[in-house]
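# Summary of structural features
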Amino acid sequence: KTTLSNVTGLSTPIDGLIPSRNYTVTVRAFTVETGPAASLIVNTLSIMPSPPLNVTVSGPTSTSLLVMWNSPMNPNGELQFYMVYHTGIYSTNYKKSDPIPISETTYNLSGLVPYTEYSIYVTATNDARIDAESESSAVISRHTLPSHPRTPQTPSLSDVHVQSATRATFVAPDVDASNGPVRYIDFIIHHAALGSSAPPLSAVPSVVGPYVEGSDWYVAVRYSYTEYQSKVASNQFTVGSGSTRTMGGLRYRNMPLKPEQVYFIYLRVIGIDENGEEVSSIGQPLKYVTSDQTSNSFSSTATGCSESVGMIIGPASASFVCLLTIAAHIIIWRYRKRVQKRFALEQRSNLSLERMDSSLCDIVANSETIAGREAKSNDENKTTAHYDVFCATSNSAVNSNEYQDAPLVETKQDNLYEHVDVVDRDEL
């Protein structure tokens, strides 16, 4: 109750009232005596409320935060609703919620990104202006929890890779660790039958460990996140190198691949989820078919070249020099294969000619008996002499490509020899 005395005139201001309150104003006139009172009930207007109090966050998950607060100390009117604002640490643009009923002082922020820090504040609105809000509450910051690692990219062949029988050189794709801490990165190898297609990711065994004899699925090598980042910087990783390393108490063998086989190479990322448990994500595989054993030397050339030359002239120039070196090796290899093939064909051709020569001599030898029956005289010595002449002549003709010039033996077997003499050299 406030009393204003000695008021002159017909009006006076009354200060220090509370917004949005009902007040009773009583006026009395004083002369010699006090006059009757006249009363009036009035309402002060609403103004913007004070900000909500005691904003906190509890119950974080990988994608949500539960925000709680208390009502403003001074509503300054009839509260209508609250609004919750949030933004990621790397953004300055706040997103606001839908209006929250005044009866509620909690709000579940959902659809957030795992393992991300968010800034949050709350405002209130009353009946003073529906389109205006109070000053913001104190801003607080909280993290969402980690989740499954993001799905890694599919490995791709290196620019300097050459088809090999026992190994393959790959580009190490970058791993996104934004969903939480990454513990390990694995290269998983699946040895499949020729002509096989990649199995669906659901068919990948949930537990794949180091190589054991006869296993179709195994981890060729495991890296810590820091070690793997250095591999990304060097831009390559080799499957089938034959190396051995120990990680997390386990021994991993990067076994050489087998010639002319199908392999699927997967990248698996292992992290920690919101419950602190180990979880993993695996990407689509790269299909790789090893070459035959003959071309295995090319892989050694490519690997050695990229490592040694790259240290001297840099990665870009090294790639060009290595490609030229590899091209030269391929040309030499193809030339050697062509020479070997021609030599093999000649050997088979000579063998066929020798067999034909032997057959001709056998024919003439058989003709000796026929000649003896027809001559009915002592021509045996002559026939034998003719046989020796023909065989010697035919062998000489075959070896000197002069078969067409070999003389005919003039005996009673002329018809037989004439038949033999017209055999084409190409047919022989």
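The shown structure was predicted, so the numbers you read here are calculated from the model rather than taken from an experiment. (Residues numbered from 1 in each chain as written. Predicted model: local features only at pLDDT ≥ 70, side-chain atom pairs only at ≥ 80, totals over all residues. Heavy atoms only, no water.)

Quick look at the overall build of the chain now. The helix and strand inventory of the chain stands at five helices and 20 strands. Expressed as a percentage of the 428 residues in the chain, the buried residues total 36%. Restricting to contacts in the chain with at least 6 residues of sequence separation, those with at least 24 account for 67%. Total accessible area on the chain stands at roughly 25,600 Å², and carbon and sulfur atoms take up 52% of it. (Helix = DSSP H or I, 4+ residues; strand = E, 2+ residues; numbered from the N terminus. Buried < 20%, exposed > 50% of the residue type's maximum accessible area, 1.4 Å probe, protein only. Contact = heavy atoms within 4.5 Å. Areas by Shrake-Rupley, 256 points an atom, 1.4 Å probe, with all protein chains shown as cover.)

The subject of this paragraph is the nonpolar core. Ranked by size, the top nonpolar core spans 23 residues in total, and within it Phe187, Ile189, Tyr228, Val239 and Ile265 carry the most contacts. Within the residue set of this core, elements represented by two or more residues are β12 (168-171), β13 (182-192), β14 (217-224), β15 (237-239), β18 (262-272) and β20 (286-289). Excluding its chain neighbours within four sequence positions, the residues that come into contact with tyrosine 228 are Ala172, Pro173, Val175, Ile185, Phe187, Tyr223 and Leu267. Judged by nonpolar contacts, the second largest core, of 16 residues, contains Val55, Val67, Leu109 and Leu112. (Core = buried A, V, L, I, M, F, W, Y, C linked by side-chain atoms within 4.5 Å.)

The subject of this paragraph is the environment of serine 196. For serine 196, the position within the fold is in the loop between β13 and β14. On the accessibility criterion, serine 196 (19% relative accessible area) is buried. With 91 residues separating them in the primary sequence, serine 196 and lysine 287 have C-alpha atoms 9.4 Å apart.

A few words now on the packing of aromatic side chains. With the rule as written, the count across this model stands at 10 aromatic pairs. Geometrically, the ring pair formed by tyrosine 94 and tyrosine 121 is tilted, given 5.1 Å between the ring centres and 55 degrees between the ring planes. Of this pair, tyrosine 94 sits in the loop between β5 (79-88) and β6 (95-96) while tyrosine 121 sits in strand β9 (residues 117-126); the two residues are 27 residues apart in sequence, bridging distant segments of the chain. The exposure class of tyrosine 94 is partly exposed, given its relative accessible area of 34%. The exposure class assigned to tyrosine 121 is buried, which follows from its relative accessible area of 15%. Between the aromatic rings of tyrosine 211 and tyrosine 218, the centroid separation amounts to 4.9 Å while the plane-to-plane angle is 80 degrees, which identifies the pairing as edge-to-face. On the basis of relative accessible area, tyrosine 211 is assigned to the buried category, the value being 13%. Judged by its relative accessible area of 4%, tyrosine 218 is buried. Through a chain of ring-to-ring contacts, three or more aromatic side chains come together here, namely Phe187, Tyr223, Tyr228 and Phe237. Lying across the ring of tyrosine 184, arginine 222 places its NZ or CZ 4.5 Å from the centre. (Phe/Tyr/Trp six-rings, centres within 6.5 Å; stacked < 30°, edge-to-face > 60°. Lys NZ or Arg CZ within 6 Å of the ring centre and 35° of its normal.)

Moving on to the pattern of salt bridges. A full pass over the atoms with the stated rule returns five salt bridges. Here aspartate 176 ties to arginine 150 by a salt bridge, and the two come within 3.3 Å at their closest N and O atoms. A residue pair is termed long-range when its members are at least 10 positions apart, and aspartate 176 in the loop between β12 and β13 and arginine 150 in the loop between β10 (140-143) and β11 (156-157) qualify at 26 residues. Taking the relative accessible area as the measure of exposure, arginine 150 reaches 36% and is therefore partly exposed. Two residues, aspartate 186 and arginine 222, come together in a salt bridge whose shortest N-O distance is 2.8 Å. Taken as a pair, aspartate 186 in strand β13 and arginine 222 in strand β14 lie far apart in primary sequence, 36 residues in all. For the residue pair aspartate 186 and arginine 222, the accessibility class agrees, reading buried in each case. Bridged by salt links that share partners, the residues Asp186, Arg222 and Arg268 form one connected network. (Salt bridge = Lys/Arg side-chain N within 4 Å of Asp/Glu carboxyl O.)

A positive phi angle is found at asparagine 54, which is not glycine, with a value near 55 degrees. Inspection of the secondary structure assignment puts asparagine 54 in strand β3 (residues 53-58). In this structure, tyrosine 115 is a non-glycine residue whose phi angle is positive, near 55 degrees. Looking at the secondary structure, you find tyrosine 115 in the loop between β8 (106-109) and β9. Judged by its relative accessible area of 38%, tyrosine 115 is partly exposed.

Okay, the pairing of strand β19 (residues 278-282) next. Looking down a regular strand, the side chains alternate between one sheet face and the other. Examined bridge by bridge, β18 and β19 share five bridges and lie antiparallel to one another. Paired with isoleucine 272 across the two strands is glutamate 278, which belongs to β19. Between β18 and β19, which follow one another and run antiparallel, lie five residues, and glycine 276 among them has a positive phi close to 80 degrees. (Pairing = 2+ DSSP bridges.)

Glancing now at the sheet that holds β3. Taken in spatial order, the three strands make up an open sheet running β3-β4-β8, and their pairing is antiparallel. Both outer strands of the open sheet, β3 and β8, are each paired with one neighbouring strand and no more. Taking each pair of neighbouring strands and ignoring which way they run, the sheet shows an average axis angle of 20 degrees. By the bridge criterion, four bridges tie β3 to strand β4 (residues 65-70) in an arrangement that is antiparallel. Opposite valine 57, over in β4, you have valine 67 as the bridge partner. (Axes fitted to C-alpha atoms, helices over the stretch in contact; angles between N-to-C directions.)

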